Amino acid sequence: MADEAIQGIKTVLHPVADVAAAKKLYAALFGIEPQADSEYYVGFEVAGQHIGLVPAGAQGITSQVAYWHVADIEAKLAEVTAAGGTVSSPAKDVGGGRRVATVTDLDGNVLGLLQDS
């Protein structure tokens, strides 16, 4: 049985060299304007997914990161690290009641965790 504390991948962040230029490209791809729009974060709600654009290297993000939505981020971090994962970025509040963290699996893949309150 799947862990009911996992709510699926609903958020993917893409690091980009030029946020303004990337915003135009993604808006053309999705056929909509972004719902969140600043110099450090542009976010699109598309087909039940949240696609975010961040400056490359910001928040330590250097490649795409898929965020697994979880019910309890601290509990999930404990489970994943007990299974051999390494915390890359501990849980932090990013506003609006949202907390995020990243872990690295045994092969170096970055996994995002996201909890909405």
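The paragraphs below set out a description of the structure included in this document. Nothing here was measured: the structure is a model prediction, and the numbers come from that model. (Residues numbered from 1 in each chain as written. Predicted model: local features only at pLDDT ≥ 70, side-chain atom pairs only at ≥ 80, totals over all residues. Heavy atoms only, no water.)

## Brief notes about unusual backbone geometry
Point 1. With a phi close to 50°, Ala47 is a non-glycine residue in the positive phi region.
Point 2. Here Ala47 lies in the loop between β3 (42–46) and β4 (49–55).
Point 3. Taking relative accessible area as the criterion, Ala47 reaches 80% and is therefore assigned exposed. (Helix = DSSP H or I, 4+ residues; strand = E, 2+ residues; numbered from the N terminus. Buried < 20%, exposed > 50% of the residue type's maximum accessible area, 1.4 Å probe, protein only.)

## Quick look at the packing of aromatic side chains
The description of two aromatic rings rests on the distance between their centres and on the angle between their planes.
Point 1. All chains considered together, the criterion is met by two aromatic pairs.
Point 2. Centre to centre, the rings of Tyr26 and Phe30 are 5.8 Å apart; their planes meet at 55°, and the pair counts as tilted. Placement of the pair is Tyr26 and Phe30 together in helix α1 (residues 19–30), with a separation of four residues, close to one helical turn.
Point 3. Under the relative-accessibility criterion, Tyr26 is labelled buried at 17%.
Point 4. Between the aromatic rings of Phe30 and Phe44, the centroid separation amounts to 5.2 Å while the plane-to-plane angle is 65°, which identifies the pairing as edge-to-face. A residue pair is termed long-range when its members are at least 10 positions apart, and Phe30 in helix α1 and Phe44 in strand β3 qualify at 14 residues.
Point 5. Relative accessible area serves as the criterion here: at 0%, Phe44 is assigned to the buried category.
Point 6. Each residue in the set Tyr26, Phe30 and Phe44 is aromatic and connected to the rest through ring pairs, giving one cluster. (Phe/Tyr/Trp six-rings, centres within 6.5 Å; stacked < 30°, edge-to-face > 60°.)

## Topic: the pairing of β3
Point 1. Where strand β2 (residues 36–37) and β3 come together, two bridges link them in antiparallel fashion. Its bridge partner being in β3, Ala36 is matched across the sheet by Gly43.
Point 2. Between the antiparallel neighbours β2 and β3 lie four residues.
Point 3. Two elements, β3 and β4, share five bridges in a ladder whose sense is antiparallel. What sits directly across from Val46, in β4, is Gln49.
Point 4. Following β3, the chain reverses through two residues before pairing antiparallel with β4; Ala47 in that reversal takes a positive phi of roughly 50°. (Pairing = 2+ DSSP bridges.)

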